[in-house]
Amino acid sequence: MMPNTARGTTERTMHIGDLAEATGLSQRTIRHYDEVGLLPASTRSDGGFRIYTESDLQRMLVIRSMKPLGFTLEEMGELLEAVDALAQDTTDPAARTKMEDFISRAATKREKLALNLRRADAFLGDLRTK
């Protein structure tokens, strides 16, 4: 990571490899999220390399958390829009409603995953006793 002198700040920045390492996602996945507009790089170096900030890292961690729950790229974008709106105004009623909807949907998806995990554990237990 390096200081971002392009913006005249000391905000820490990272290249795509650093972001991949920090998130456990592949560079290919991160490039795809950039190409579809879900997480475009904050800036580019003079050589054209993507440069990401700490806030980009936090956004990518949100995306990474949504992935195993089966949210689509479009849904991920909607959630990030709601997060951005709430960062500007914590009382924004539309964003608050959207966030509550995502919380409910994530909880439902998590319960389905937990049920499947319990079933898989029972199946493994059955196999081990045979």
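Residues numbered from 1 in each chain as written. Predicted model: local features only at pLDDT ≥ 70, side-chain atom pairs only at ≥ 80, totals over all residues. Heavy atoms only, no water.

Trainee: In this structure, what is going on with helix H4 (residues 73-88)? I would like to understand it.
Mentor: The periodicity of an α-helix, 3.6 residues per turn, causes residues three or four positions apart to be oriented the same way. In this model H4 runs 23 Å from its N-terminal to its C-terminal C-alpha over 16 residues, within 8% of the 22 Å that 1.5 Å per residue would give. If you check which residues of H4 are buried, you get Glu75, Met76, Gly77, Leu79, Leu80, Ala82 and Leu86. Looking at the buried side of H4, the elements it contacts are helix H3 (54-66) and helix H5 (93-128). (Helix = DSSP H or I, 4+ residues; strand = E, 2+ residues; numbered from the N terminus. Expected span 1.5 Å × (residues − 1). Buried < 20%, exposed > 50% of the residue type's maximum accessible area, 1.4 Å probe, protein only. Contact = heavy atoms within 4.5 Å.)

Trainee: Just checking my understanding: could you explain the pattern of salt bridges for this structure?
Mentor: As a working rule, side chains carrying opposite charge can pair if their charged atoms are close by. For the structure shown, the criterion picks out eight salt bridges. Here Glu54 and Arg12 are joined by a salt bridge, their closest N and O atoms 3.0 Å apart. Of this pair, Glu54 sits in helix H3 while Arg12 sits in strand S2 (residues 12-15), and the two are 42 residues apart along the sequence. Between Arg105 and Glu75 there is a salt bridge; the shortest N-O distance is 2.4 Å. Placement of the pair is Arg105 in helix H5 and Glu75 in helix H4, with a sequence separation of 30 residues. Owing to a relative accessible area of 23%, Arg105 belongs among the partly exposed residues under this scheme. A network of salt bridges, in which partner residues are shared, links Asp34, Arg44 and Arg50. (Salt bridge = Lys/Arg side-chain N within 4 Å of Asp/Glu carboxyl O.)

Trainee: Honestly, the confidence of the model for the chain in this entry has me stumped. Any pointers?
Mentor: Reading fine detail from the predicted coordinates is not recommended where pLDDT is low. Looking at the chain as a whole, the pLDDT averages 90, with 92% of positions reaching at least 70. Between residues 1-7, whose pLDDT stays under 50, and residues either more than four places distant or in other chains, the model counts 19 contacts. (pLDDT = per-residue confidence, 0-100.)

Trainee: What is the right way to read the packing of aromatic side chains from this model?
Mentor: The geometry of two aromatic rings is summed up by the distance between their centres and the angle between their planes. One pass over the structure, following the stated rule, counts one aromatic pair. Between Lys109 and the ring centre of Phe71, over which it is positioned, the NZ or CZ distance is 4.8 Å. (Phe/Tyr/Trp six-rings, centres within 6.5 Å; stacked < 30°, edge-to-face > 60°. Lys NZ or Arg CZ within 6 Å of the ring centre and 35° of its normal.)

Trainee: I tried to follow the packing of H4 against H5 on my own but got confused; where do I start?
Mentor: Helix-helix packing: each pair is described by the crossing angle between the helix axes and the interaxial distance. Axis separation between H4 and H5 bottoms out at 9 Å; the angle between their running directions is 135 degrees. With respect to each other, H4 and H5 are oriented oblique. Handedness of the H4/H5 crossing: left-handed. Between H4 and H5, the residues in contact are Glu75, Glu78, Leu79, Ala82, Val83, Ala85 and Leu86 and Ala95, Arg96, Lys98, Met99, Phe102 and Arg105, respectively. (Axes fitted to C-alpha atoms, helices over the stretch in contact; angles between N-to-C directions. Parallel < 35°, antiparallel > 145°, perpendicular 65-115°, else oblique. Left-handed = near helix turned anticlockwise from the far one by under 90°.)

Trainee: What is the right way to look at the environment of Asp92 in this model?
Mentor: In this structure, Asp92 sits in the loop between H4 and H5. Taking the C-alpha atoms as reference, Asp92 lies 36 Å from Asn116; in sequence the two are 24 residues apart. When residues no more than four places from it in sequence are discounted, the contact partners of Asp92 are Ala85 and Leu86.

Trainee: Would you mind showing me how to read the nonpolar core here?
Mentor: Soluble globular proteins: nonpolar side chains tend toward being buried together. Leu19, Ile30, Tyr33, Leu39, Tyr52, Met60 and Ile63 are the most contacted members of the largest nonpolar core, which has 24 residues in total. Broken down by secondary-structure element, the contributors of at least two residues to this core are helix H1 (16-23), helix H2 (27-35), H3, H4 and H5. (Core = buried A, V, L, I, M, F, W, Y, C linked by side-chain atoms within 4.5 Å.)

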